[in-house]
Amino acid sequence: MNLNELKKKAAWAALDYIHPGTIIGVGTGTTIFYFIEALSTIKNLIYGAVSSSNSSTVLLKKKGIEVFNLKNFSSLNIYVDSADEINSRMQMIKGGGGALTREKIIAKIAKKFICIIDKTKKVDVLGKFPLPVEIIPMAFSYFLQEMVKIGGIPKYRKNFITDNGNIIIDVYNLSIKDPISMEKKINSLPGVVTVGLFASRSADIILIGKKNGIQTIKK
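Under an unreviewed UniProt entry, the name given to the protein chain is Ribose-5-phosphate isomerase A, and the organism recorded is Buchnera aphidicola. Among the UniProt annotations of the protein chain, the heading Function (unreviewed entry) holds the following wording: "Catalyzes the reversible conversion of ribose-5-phosphate to ribulose 5-phosphate." As stated in UniProt under Pathway (unreviewed entry), the record for the protein chain gives "Carbohydrate degradation; pentose phosphate pathway; D-ribose 5-phosphate from D-ribulose 5-phosphate (non-oxidative stage): step 1/1."

Structural data, given as structure tokens:
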């Protein structure tokens, strides 16, 4: 069974947590594309969705699911997204797809955050996957310097502009043993929009697609 099939398993398992008459927060990425496909099969039971990225918005609309503007909501019942890495404390690295800022906003206002992943995304220590950070362009040189100070190897994500009009720096060579502290430290740097560490607001439920079924981890 290949990874795409495991992602699909996790995506469809998330439907068990969707209640009729709700608006669903929807993340970004290949696993989420499978979730949107699954969600479309019950679209008549929900009001619609709030999307974390332009790419997810396009797919949601294509599937006939109404998309609402996040600015009109201060809370959501549920948010479904994936992760690039997640540890045993349900803390994550996200932002491989570049939508980390909007993802973090939706995660913050969601009452329940469900993370759907394949088995390869579960790790003991975060950092093998490069840590994405969205910054405003004028902070480029300063931010690179600060990342080198903490032992990181920062690399500019070429030919990529976020949906917010900013740039992404991917920071390699980190072993993130205290994700909450690292999240606060990087977020405090001038010019940083947000860091792709979801530690202060971690997942509530993890659904892991495995060959023999779904592994569910709850707080």
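Draft legend 1. Inspection of the environment of Lys210 at higher detail. Looking at the element boundaries, Lys210 is found in strand E13 (residues 205-210). Look at Lys210 and you get partly exposed, because its relative accessible area is 30%. The sequence separation of Lys210 and Gly25 amounts to 185 residues, and the corresponding C-alpha distance is 24 Å. A polar side-chain atom of Lys210 sits 2.5 Å from a polar atom in the side chain of Gln215.

Draft legend 2. Inspection of the UniProt feature "active site" (unreviewed entry) in the protein chain at higher detail. Mapped onto the present numbering, the UniProt feature "active site" (unreviewed entry) falls on Glu103. For Glu103, the position within the fold is in helix H4 (residues 100-109). Take Glu103: its relative accessible area is 4%, and that puts it in the buried class. The residues touching Glu103, leaving out its near neighbours within four places in the chain, are Thr28, Ser52, Tyr79, Asp81, Lys94, Gly95 and Phe198.

Draft legend 3. Layout of the sheet that holds strand E6 (residues 92-93). Strand order in the open sheet formed by 3 strands is E5-E6-E12, and the pairing between neighbours is antiparallel. Two strands bound the open sheet, and with one partner strand each, they are strand E5 (85-86) and strand E12 (197-198). Sheet topology note: the E6/E12 ladder contains 2 bridges and is antiparallel. The residue of E12 that forms the bridge with Met92 is Phe198.

Draft legend 4. The arrangement of the domain arrangement of the protein chain in detail. Annotation of the protein chain at the domain level lists domain 1 (3-123 + 200-218) and domain 2 (131-195). A straight line from the C-alpha centre of domain 1 to that of domain 2 covers 24 Å. If you look at the interface, domain 1 gives 16 residues, while domain 2 gives 19 residues. Carbon and sulfur atoms make up 48% of the area that domain 1 and domain 2 hide from each other, which totals about 1300 Å². For the pair domain 1 and domain 2, the number of links is 1 salt bridge. A salt bridge links Lys104 to Glu183; the shortest N-O distance between them is 2.9 Å. At the surface where domain 1 touches domain 2, the tally comes to 11 residue pairs in polar contact (both at pLDDT 80 or more). Take the side of domain 1 that touches domain 2: its biggest share by element is 4 residues, from H4. A per-class count over the side of domain 1 that touches domain 2 returns 2 nonpolar, 10 polar and 4 charged.

Draft legend 5. Quick look at the pairing of strand E8 (residues 131-135). Burial of E8 is extensive: 5 of the 5 residues sit out of reach of the surface. Burial along E8 is two-sided: the face carrying Leu131, Val133 and Ile135 and the face carrying Pro132 and Glu134 are both buried. Relative to strand E10 (residues 167-172), E8 runs antiparallel, the two sharing 5 bridges. Across the sheet, residue Val133 finds its bridge partner in E10, namely Ile169. Examined bridge by bridge, E8 and strand E11 (residues 192-195) share 3 bridges and lie antiparallel to one another. Of the residues in E11, the one forming a bridge with Ile135 is Val192.

Draft legend 6. Here's a closer look at the sheet that holds strand E9 (residues 153-156). Taken in spatial order, the 4 strands make up an open sheet running E9-E10-E8-E11, and their pairing is antiparallel. Either end of the sheet is taken by a strand with one partner, and the two such strands are E9 and E11. The sheet shows a mean angle of 25 degrees between the axes of neighbouring strands, direction not considered. Of the strands in this sheet, E8, E9, E10 and E11 touch helix H5 (residues 140-149), which is tilted by about 15 degrees from E10.

Draft legend 7. Quick look at the pattern of salt bridges. With the rule as written, the count across this model stands at 8 salt bridges. Lys94 serves as the salt-bridge partner of Asp81, at 2.7 Å between the closest nitrogen and oxygen. A residue pair is termed long-range when its members are at least 10 positions apart, and Asp81 in strand E4 (residues 76-81) and Lys94 in the loop between E6 and H4 qualify at 13 residues. You can call Asp81 buried: its relative accessible area is 0%. Among the salt bridges present, the one from Asp170 reaches Arg157, with a minimum N-O distance of 2.8 Å. Remark: Arg157 occurs in the loop between E9 and E10 and Asp170 occurs in strand E10; sequence separation between them is 13 residues. Comparing Asp170 with Arg157 shows no difference in burial state: the two are buried. Here the residues in one salt-bridge network are Asp81, Lys94 and Glu103, joined through shared partners.

Reading guide: rules and limits
Residues numbered from 1 in each chain as written. Predicted model: local features only at pLDDT ≥ 70, side-chain atom pairs only at ≥ 80, totals over all residues. Heavy atoms only, no water. UniProt positions renumbered as here; feature names shortened; annotations may be inferred. Helix = DSSP H or I, 4+ residues; strand = E, 2+ residues; numbered from the N terminus. Buried < 20%, exposed > 50% of the residue type's maximum accessible area, 1.4 Å probe, protein only. Polar contact = N/O pair within 3.5 Å; in protein donor to acceptor, adjacent residues only side chain to side chain. Contact = heavy atoms within 4.5 Å. Pairing = 2+ DSSP bridges. Domains from an automatic or database assignment. Buried area = accessible area lost by both parts, 1.4 Å probe. Salt bridge = Lys/Arg side-chain N within 4 Å of Asp/Glu carboxyl O. Nonpolar A, V, L, I, M, F, W, Y, C, P; charged D, E, K, R; others polar. Axes fitted to C-alpha atoms, helices over the stretch in contact; angles between N-to-C directions.

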